[in-house]
Amino acid sequence: MTPAVPLALLGLVDAAFSGFRAYAGRDARIRKHRAITRAALRGLTVGAVLLLAPALTAALLLLTAPAQARTYNTLTAGGLGYLLPLTVYATAVLLSLAAYFVLPFRASTLAMVIGLGPLTLMRPLAVAAACLGAVINGGGAALLVGAIAGAAVLCVEPVVHRRWYHHPL
């Protein structure tokens, strides 16, 4: 199994959330579903463009490798090592989101404060753990692709914020 598809989906979902985070708190309207959807789509678009960088890097590594099968196996093993920490992180985020949507107002607010807030701050650590998993499982080529992918997902929110939401409130 190639981990490329789950990693791409995880990256795109993270990009949509990054677009939302870039917008969050900027609008005092009660009904802002359209603006939230637009912000998530902006994040998704920026994320899709930025995630082309690791895909092109992996393709270039495969095309220029003297032993393509070996390089493919290395990238696959590294991708699985990269996926494991991100899966743990994504599960924690999904549990926190589920608590936010299911629990009553006060409990959901608590879930937001003690769950989603700290988890958002831990995103760079989750990416660093994923890079460590890539290098342990796959080695240098996998680390290169993983580091580029990590930089891409961590850049989505600043790019969206700077492009659409940089003006003061």
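Treat the numbers as computed from the prediction; the structure is a model and nothing was measured.

**Student:** Even after reading the chapter, I still don't get the packing of helix α4 (residues 68-102) against helix α6 (residues 123-137), so can you show me in this structure?
**Tutor:** In a pair of packed helices, the angle between the axes and the distance between the axes together describe the arrangement. Orientation of α4 relative to α6, taken along the N-to-C sense of each, is 150°, at an axis distance of 7 Å. Between α4 and α6, the angle falls in the class roughly antiparallel. At the point where α4 passes α6, the crossing takes the right-handed sense. Of the residues in α6, those in contact with Ala 77, Gly 78, Leu 80, Gly 81, Tyr 82, Pro 85, Leu 86 and Tyr 89 of α4 are Arg 123, Ala 126, Val 127, Ala 129, Ala 130, Cys 131, Gly 133, Ala 134 and Asn 137. Looking at the contact of α4 with α6, its residues break down into 12 nonpolar, four polar and one charged.

**Student:** Is there a simple way to think about helix α2 (residues 33-50) in this case?
**Tutor:** Note that an α-helix has 3.6 residues per turn; residues three or four places apart therefore point the same way. When the terminal C-alpha atoms of α2 are compared, their 26 Å separation across 18 residues agrees well with the 26 Å that a helix rising 1.5 Å per residue should span. Turning to α2, its buried residues number three or more, namely Ala 35, Ala 39, Gly 43, Val 46 and Gly 47. Buried residues of α2, viewed axially, fall in a sector of 110°; they line one side. In α2, the exposed residues that point more than 90 degrees away from the buried face are His 33, Arg 34 and Val 49.

**Student:** Looking at this model, I keep getting lost on helix α5 (residues 105-121). Mind explaining?
**Tutor:** With 17 residues, α5 should cover 24 Å at 1.5 Å per step; its first-to-last C-alpha distance of 23 Å lies within 8% of that length. Of all bends in α5, the biggest is about 30°, found at Met 112. Of the residues making up α5, those classed as buried are Ser 108, Ala 111, Gly 115, Leu 116 and Leu 119. On the buried face of α5, the contacting elements are α4 and α6.

**Student:** Please clarify how the environment of His 166 should be interpreted in this entry.
**Tutor:** With respect to the secondary-structure elements, His 166 resides in the segment after α7 (140-164). His 166 sits in the exposed class, given a relative accessible area of 54%. Once the C-alpha coordinates of His 166 and Tyr 23 are considered, the two residues, 143 residues apart in sequence, prove to be 9.7 Å apart. Reaching out from His 166, the side chain makes a polar contact with the backbone oxygen of Arg 162 at a distance of 2.9 Å.

**Student:** Any chance you could explain the environment of Ala 142 here in plain terms?
**Tutor:** Its place among the elements puts Ala 142 in helix α7. Separated by 87 residues in the primary sequence, Ala 142 and Ala 55 have C-alpha atoms spaced 12 Å apart. Not counting residues within four places of it along the chain, the set of residues in contact with Ala 142 comprises Thr 74, Leu 75, Gly 78 and Ala 134.

**Student:** Could you clarify how one ought to interpret the pattern of salt bridges in this entry?
**Tutor:** Note on pairing: side chains with opposite charge can pair once their charged atoms come close. Throughout the structure, instances matching the rule amount to two salt bridges. Here Arg 123 makes a salt bridge to Asp 14, at a shortest N to O gap of 2.7 Å. Of the two residues, Arg 123 is situated in helix α6 and Asp 14 in helix α1 (residues 4-23); the sequence distance between them amounts to 109 residues. Taking the relative accessible area as the measure of exposure, Arg 123 reaches 9% and is therefore buried.

**Student:** Help me out: how do you make sense of the nonpolar core in this one?
**Tutor:** Nonpolar side chains in soluble globular proteins generally cluster together in the buried interior. Formed by 17 residues in total, the largest nonpolar core has its most connected members in Tyr 82, Leu 86, Tyr 89, Val 93 and Val 127. Of all the elements in the fold, those that place two or more residues in this core are α4, α5, α6 and α7. Ignoring anything within four residues of it in the chain, the contact list for Tyr 89 reads Leu 119, Thr 120, Met 122, Arg 123 and Ala 126. Counting residues in each nonpolar core, the second largest holds nine residues, with Tyr 23, Ala 35, Val 46 and Val 156 among its members.

Conventions adopted
- Residues numbered from 1 in each chain as written.
- Predicted model: local features only at pLDDT ≥ 70, side-chain atom pairs only at ≥ 80, totals over all residues.
- Heavy atoms only, no water.
- Axes fitted to C-alpha atoms, helices over the stretch in contact; angles between N-to-C directions.
- Helix = DSSP H or I, 4+ residues; strand = E, 2+ residues; numbered from the N terminus.
- Parallel < 35°, antiparallel > 145°, perpendicular 65-115°, else oblique.
- Left-handed = near helix turned anticlockwise from the far one by under 90°.
- Contact = heavy atoms within 4.5 Å.
- Nonpolar A, V, L, I, M, F, W, Y, C, P; charged D, E, K, R; others polar.
- Expected span 1.5 Å × (residues − 1).
- Buried < 20%, exposed > 50% of the residue type's maximum accessible area, 1.4 Å probe, protein only.
- Arc of directions from axis to C-beta.
- Bend = angle between axes of the 7 residues up to and from the residue.
- Polar contact = N/O pair within 3.5 Å; in protein donor to acceptor, adjacent residues only side chain to side chain.
- Salt bridge = Lys/Arg side-chain N within 4 Å of Asp/Glu carboxyl O.
- Core = buried A, V, L, I, M, F, W, Y, C linked by side-chain atoms within 4.5 Å.

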